[in-house]
Amino acid sequence: NAGVMQNPRHLVRRRGQEARLRCSPMKGHSHVYWYRQLPEEGLKFMVYLQKENIIDESGMPKERFSAEFPKEGPSILRIQQVVRGDSAAYFCASSPPVLAGETQYFGPGTRLLVL
Amino acid sequence: GIQVEQSPPDLILQEGANSTLRCNFSDSVNNLQWFHQNPWGQLINLFYIPSGTKQNGRLSATTVATERYSLLYISSSQTTDSGVYFCAVQTGANNLFFGTGTRLTVIP
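Cut-offs used in this document
Residues numbered from 1 in each chain as written. Chains lettered and ligands numbered in written order. Predicted model: local features only at pLDDT ≥ 70, side-chain atom pairs only at ≥ 80, totals over all residues. Heavy atoms only, no water. Pairing = 2+ DSSP bridges. Helix = DSSP H or I, 4+ residues; strand = E, 2+ residues; numbered from the N terminus. Axes fitted to C-alpha atoms, helices over the stretch in contact; angles between N-to-C directions. Contact = heavy atoms within 4.5 Å. Buried area = accessible area lost by both parts, 1.4 Å probe. Salt bridge = Lys/Arg side-chain N within 4 Å of Asp/Glu carboxyl O. Nonpolar A, V, L, I, M, F, W, Y, C, P; charged D, E, K, R; others polar. pLDDT = per-residue confidence, 0-100. Core = buried A, V, L, I, M, F, W, Y, C linked by side-chain atoms within 4.5 Å. Buried < 20%, exposed > 50% of the residue type's maximum accessible area, 1.4 Å probe, protein only.

Here's the deal with the sheet that holds strand β3 (residues 19–24) of chain A
All names here are of chain A. Taken together, 4 strands build an open sheet; the order of strands is β1-β3-β8-β7 and the sheet is antiparallel. Two strands bound the open sheet, and with one partner strand each, they are β1 (5–7) and β7 (65–68). Going from strand to strand, the sheet's axes swing by 15° on average, the running direction of each strand aside. Where β1 meets β3, 3 bridges bridge the pair, whose relative direction is antiparallel. The residue bridging Asn7 from the neighbouring strand is Arg22, located in β3.

A look at the interface of chain B and chain A
The partner chain A presents 22 residues to the 21 residues of chain B that form the contact. Here chain B packs against chain A, burying approximately 1600 Å² in sum over the two surfaces, 51% of which is carbon and sulfur. Here chain B is connected to chain A by 1 salt bridge. For B:Arg103, the salt bridge identified is with A:Glu40, shortest N-O distance 3.1 Å. For the side of chain B that touches chain A, the secondary-structure elements that each account for two or more residues are β4 (31–37), β5 (43–48) and β9 (83–90) of chain B. Top element by residues in the side of chain B that touches chain A is β4(B). It accounts for 4 residues. Grouping the amino acids of the side of chain B that touches chain A by side-chain chemistry returns 8 nonpolar, 12 polar and 1 charged.

A few points about the confidence of the model for chain B
Put simply, chain B has an average pLDDT of 94, and 99% of its residues get 70 or more. When pLDDT is averaged over each helix and strand of chain B, the minimum, 93, is found for β5(B) and the maximum, 98, for strand β8 (residues 69–74) of chain B.

Focus on the nonpolar core
Residue and element names in this part refer to chain A. Counting residues in hydrophobic clusters, the biggest one holds 23 residues, and the most contacted among them are Trp34, Met46, Leu77 and Tyr90. Within the residue set of this core, elements represented by two or more residues are β3, β4 (31–37), β5 (43–50), β7, β8 (75–79), β9 (88–95) and β11 (110–114). Here Leu77 is in contact with Ala19, Arg20, Leu21, Trp34, Met46, Met60, Ser66, Ala67 and Tyr90, once residues within four sequence places are set aside.

Below you can see the structure in the form of structure tokens.
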């Protein structure tokens, strides 16, 4: 049973370009979470999605960031017009259908560097 | 939101020594996880422990939910234990709130 997959593992973008980060959850998991880790800090929640639905996006910046989890295919975190402050590690986690509280399994992360 | 505090922020150990890492949280939780982030940045699940005690090899963890803290014990530390240890809690069906971590360095 493969774990959570993320790609690319490393991404370099120039200021103003777009970044697309992909996450495939573990088999049987229908809940996906995105977290961001700035250098030397802990992880901060961004968004929680189920198939075709955004459940909680309270941690997402209001502009330039969007996320989706389509019926088919991976979840995508999209950052438009990237700036240097977007440089960070972006982690995706997945969990099985939950009522309340369930282990979240994390992918290896995508390290975004904005030049 | 819920506050998660970890102590100590930094810890240096001689190989073979034991240590205890602490996580305090400010509200009731229905999930608590301990993670190890290795020097390559990979997050590794150590324990899912909303209450009680669990052991896995040289590591064990105890959560006292009524007193809102959890402890992670590392015995006979090895250089491969180096990295950052995060505690994360969940208060509903949504996201985890992470502490700021304990950076552990084990020297040979």
